[in-house]
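# Geometric and topological summary
Okay, here's what each chain looks like letter by letter:
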Amino acid sequence: QVQLVESGGGSVQAGGSLRLSCVASGGTHNTNYMAWFRQAPGKEREGVAAIWSSTGRIYYADSVKGRFTISQDNAKNTVYLQMNSLKPEDTDMYYCAATTTPVMTAIQALRVPPYEHWGQGTQVTVSS
């Protein structure tokens, strides 16, 4: 099965930037979408950004549009999340996810199901 490992989290001041990385290994041949989710303690996991790997089509949550950028390097089986203009409300544990679902709508691409594979998460903390 697919293994996902995130890195790049840390603590920054509001307005700062971080770049998260997610390296996928194992059976990635049939992985069609990769995404970033985030979750605060006691709250539901929410989709941040997703990418349809074969086409490069990208989806963003409204809260991060214009500030975050998702990208992929298929040769390295890696997905990135560049986070700029960070706000305190961006403070969360960020998770990388992947699914074999062949086609999804923009809404589905940012929902927890049907993503089957998840990383351990990397903490992002933004101070005011």
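In the block above lies the structure referred to throughout.
Residues numbered from 1 in each chain as written. Predicted model: local features only at pLDDT ≥ 70, side-chain atom pairs only at ≥ 80, totals over all residues. Heavy atoms only, no water.

### A word on the overall build of the protein
Selection rule: Helical segments are the DSSP runs of H or I of at least four residues, strand segments are the runs of E of at least two, and each set is numbered from the N terminus. Radius of gyration means the value over C-alpha atoms here, while the globule rule gives 2.2 Å times the residue count to the 0.38 power. The classification of residues rests on relative accessible area computed with a 1.4 Å probe and restricted to protein chains. Under 20% of the type maximum is buried, over 50% is exposed, and intermediate values are partly exposed. The contact criterion used is simple: two residues touch if any of their non-hydrogen atoms lie within 4.5 Å. For accessible areas, the Shrake-Rupley method is used with a probe of radius 1.4 Å. Any residue's cover is judged against the shown protein chains and nothing else. His is not counted, nor are the chain ends, whereas Lys and Arg count as positive and Asp and Glu as negative. The atom standing in for a charge is NZ when the residue is Lys, CZ when it is Arg, CG when it is Asp and CD when it is Glu.
Looking only at helices and strands, the protein features 0 helices and 11 strands. When the helices and strands of the protein are read in sequence order from the N terminus, they spell out β-β-β-β-β-β-β-β-β-β-β. Taken against the 2.2 N^0.38 rule, which gives 14 Å for 128 residues, the C-alpha radius of gyration of the protein at 13 Å falls within 12% of a compact globule. Counting only residues that meet the buried cut, the protein has 44% of its 128 residues in that class. Within the protein, contacts between residues separated by at least 24 positions form 59% of all contacts whose residues are at least 6 apart in sequence. Element-wise, carbon and sulfur atoms account for 49% of the exposed surface of the protein, whose accessible area totals about 6500 Å². Positive and negative charge centroids in the protein, built from 10 and 9 side chains respectively, lie 4 Å apart.

### Re the pattern of salt bridges
Keep this limit in mind: Each reported salt bridge corresponds to a side-chain nitrogen of Lys or Arg within 4 Å of a carboxyl oxygen of Asp or Glu.
Enumeration over the complete set of coordinates arrives at 5 salt bridges. Ionic pairing is found between D90 and R38, a salt bridge with its closest N-O pair at 2.9 Å. Separated by 52 residues along the polypeptide, D90 in the loop between β8 (78-83) and β9 (92-99) and R38 in strand β4 (residues 33-39) bring together distant segments of the chain. Exposure remark for D90: the relative accessible area of 1% places this residue in the buried category. In this structure R38 comes out as buried when scored by relative accessible area, which is 5%. Between K65 and D62 there is a salt bridge; the shortest N-O distance is 3.1 Å. Here the salt bridges share partners, and the residues they tie into one network are R38, E46, R67, D90 and D92.

### Brief notes about the packing of aromatic side chains
This is how it is decided: Here the aromatic set is Phe, Tyr and Trp, taking the six-membered ring for Trp, and pairing holds for ring centres within 6.5 Å; pairs whose planes are under 30 degrees apart are stacked, those over 60 apart are edge-to-face, and all others are tilted. Either the NZ atom of lysine or the CZ atom of arginine qualifies as a charge over a ring when it sits within 6 Å of the ring centre and within 35 degrees of the ring normal.
If you walk through the whole model with that rule in mind, you get 4 aromatic pairs. Grouping aromatic residues by their ring pairs yields a cluster made of F37, Y115 and W118. A cation over a ring is seen here: R19 above Y80, with NZ or CZ 4.2 Å from the ring centre. For R45, the ring lying beneath its charged end belongs to W118, and the centroid distance is 4.8 Å.

### Some words on the nonpolar core
Selection criterion: Take the buried residues of types Ala, Val, Leu, Ile, Met, Phe, Trp, Tyr and Cys, join any two whose side-chain atoms come within 4.5 Å, and each joined set is a nonpolar core.
Residues M34, W36, L81, M83 and Y94 are the most contacted members of the largest nonpolar core, which totals 25 residues. Counting residues per element, the ones that place at least two in this core are β3 (18-25), β4, β5 (46-52), β7 (68-73), β8, β9 and β11 (122-127). The contact partners of Y94, leaving out residues within four places of it in the chain, are E6, L20, W36, F37, R38, V48, F68, L81, M83, G121, T122 and V124. One finds A35, A50, A97 and M104 within the second-largest nonpolar core, a separate group that totals 11 residues.

So far we have only geometry, and geometry alone does not tell us how the molecule works.
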